[in-house]
Amino acid sequence: MDVQTTRFGVPETVPVEDEALLVFPHGLPGFESHVHFALLEEPAYLPFCWLQSLHDPDVAFIMLDPFLLRPDYDFELSPADVALLQLDEHTVPRVFCILVVPGDVRQMTANLKAPVVLNPRRRLGK
């Protein structure tokens, strides 16, 4: 599938494998109407990746594995979140934090209080 994005400020189309397409049943806080996303992971930009809305090419979130910032990072999922994500003992979730990058990149912050959790097998996110 081809996905439209403006993650670098310039409109572009990037090819995305079906495995990278995700559904967030409740959207994201502040973006509840955006339920379909693509996880854009390109080797040239690792360890960063983008969560690109399929509804609007202008809506993309830069993300990072929180364990790279804090090896002792810990979070809890409620039973309702586990059920929503359809996680079981055989599924290892992927966890990311959304970064906020202001004009001065030295002031970048990571939201560690509200992780993005993905079930890669079911292609679900919360």
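The structure under discussion appears in the preceding block.
Residues numbered from 1 in each chain as written. Predicted model: local features only at pLDDT ≥ 70, side-chain atom pairs only at ≥ 80, totals over all residues. Heavy atoms only, no water.

A.B. asks: In this structure, what is going on with the overall build of the chain? I would like to understand it.
C.D. replies: Across its full length, the chain holds 2 helices and 9 strands. The helix and strand sequence of the chain, counted from the amino end, reads β-β-β-β-β-β-α-α-β-β-β. In terms of C-alpha radius of gyration, the chain reaches 14 Å, essentially the compact-globule figure of 14 Å for 126 residues. Reported as C-alpha extents along the three principal axes, the dimensions of the chain are approximately 40 × 35 × 30 Å. When each of the 126 residues of the chain is scored for burial, the buried share is 36%. (Helix = DSSP H or I, 4+ residues; strand = E, 2+ residues; numbered from the N terminus. Rg over C-alpha atoms; globule rule 2.2 N^0.38 Å. Buried < 20%, exposed > 50% of the residue type's maximum accessible area, 1.4 Å probe, protein only.)

A.B. asks: What am I meant to see in the pattern of salt bridges here?
C.D. replies: As a working rule, side chains carrying opposite charge can pair if their charged atoms are close by. The tally for this structure, following the rule as stated, stands at 7 salt bridges. Among the ionic pairs, Asp 72 bridges to Arg 70, the shortest N-O distance being 3.3 Å. Of the residues examined, Arg 70 reaches a relative accessible area of 42% and is grouped as partly exposed. We note a salt bridge from Arg 106 to Asp 104, for which the minimum N-O separation is 3.0 Å. When its relative accessible area of 71% is taken as the criterion, Arg 106 is described as exposed. Overall, Asp 104 belongs to the partly exposed group, its relative accessible area being 30%. (Salt bridge = Lys/Arg side-chain N within 4 Å of Asp/Glu carboxyl O.)

A.B. asks: Would you mind going over the nonpolar core with me for this structure?
C.D. replies: In globular proteins that are soluble, nonpolar side chains generally tend to be buried together. Core analysis: the biggest nonpolar cluster contains 14 residues, and Phe 24, Leu 51, Met 63 and Val 116 have the highest contact counts within it. For Phe 24, the residues in contact, after removing those within four places along its chain, are Val 35, Phe 37, Leu 51, Val 116, Leu 118, Gly 125 and Lys 126. Within the second largest apolar cluster, 8 residues are counted, among which are Val 14, Ala 20, Ala 38 and Leu 40. (Core = buried A, V, L, I, M, F, W, Y, C linked by side-chain atoms within 4.5 Å. Contact = heavy atoms within 4.5 Å.)

A.B. asks: Whenever I open this one, a nonpolar patch on the surface confuses me. Can you help?
C.D. replies: Taken together, Val 101, Val 105 and Met 108 make up a surface patch of nonpolar side chains, about 240 Å² in accessible area. Inspection of the secondary structure assignment puts Val 101 in the loop between strand E7 (94-100) and strand E8 (109-119). (Patch = residues over 30% accessible without salt bridge, like charges linked within 9 Å, V, L, I, M, F, W, Y side chains within 5 Å. Areas by Shrake-Rupley, 256 points an atom, 1.4 Å probe, with all protein chains shown as cover.)

A.B. asks: Explanation requested: the side chain of Ser 53 in the structure shown.
C.D. replies: On the secondary structure map, Ser 53 appears in strand E5 (residues 49-53). For Ser 53, the side chain forms a polar contact with the side chain of His 34, separated by 2.7 Å. Leaving out residues up to four positions away in the same chain, Ser 53 has contacts with His 34, His 36, Phe 37 and Val 59. (Polar contact = N/O pair within 3.5 Å; in protein donor to acceptor, adjacent residues only side chain to side chain.)

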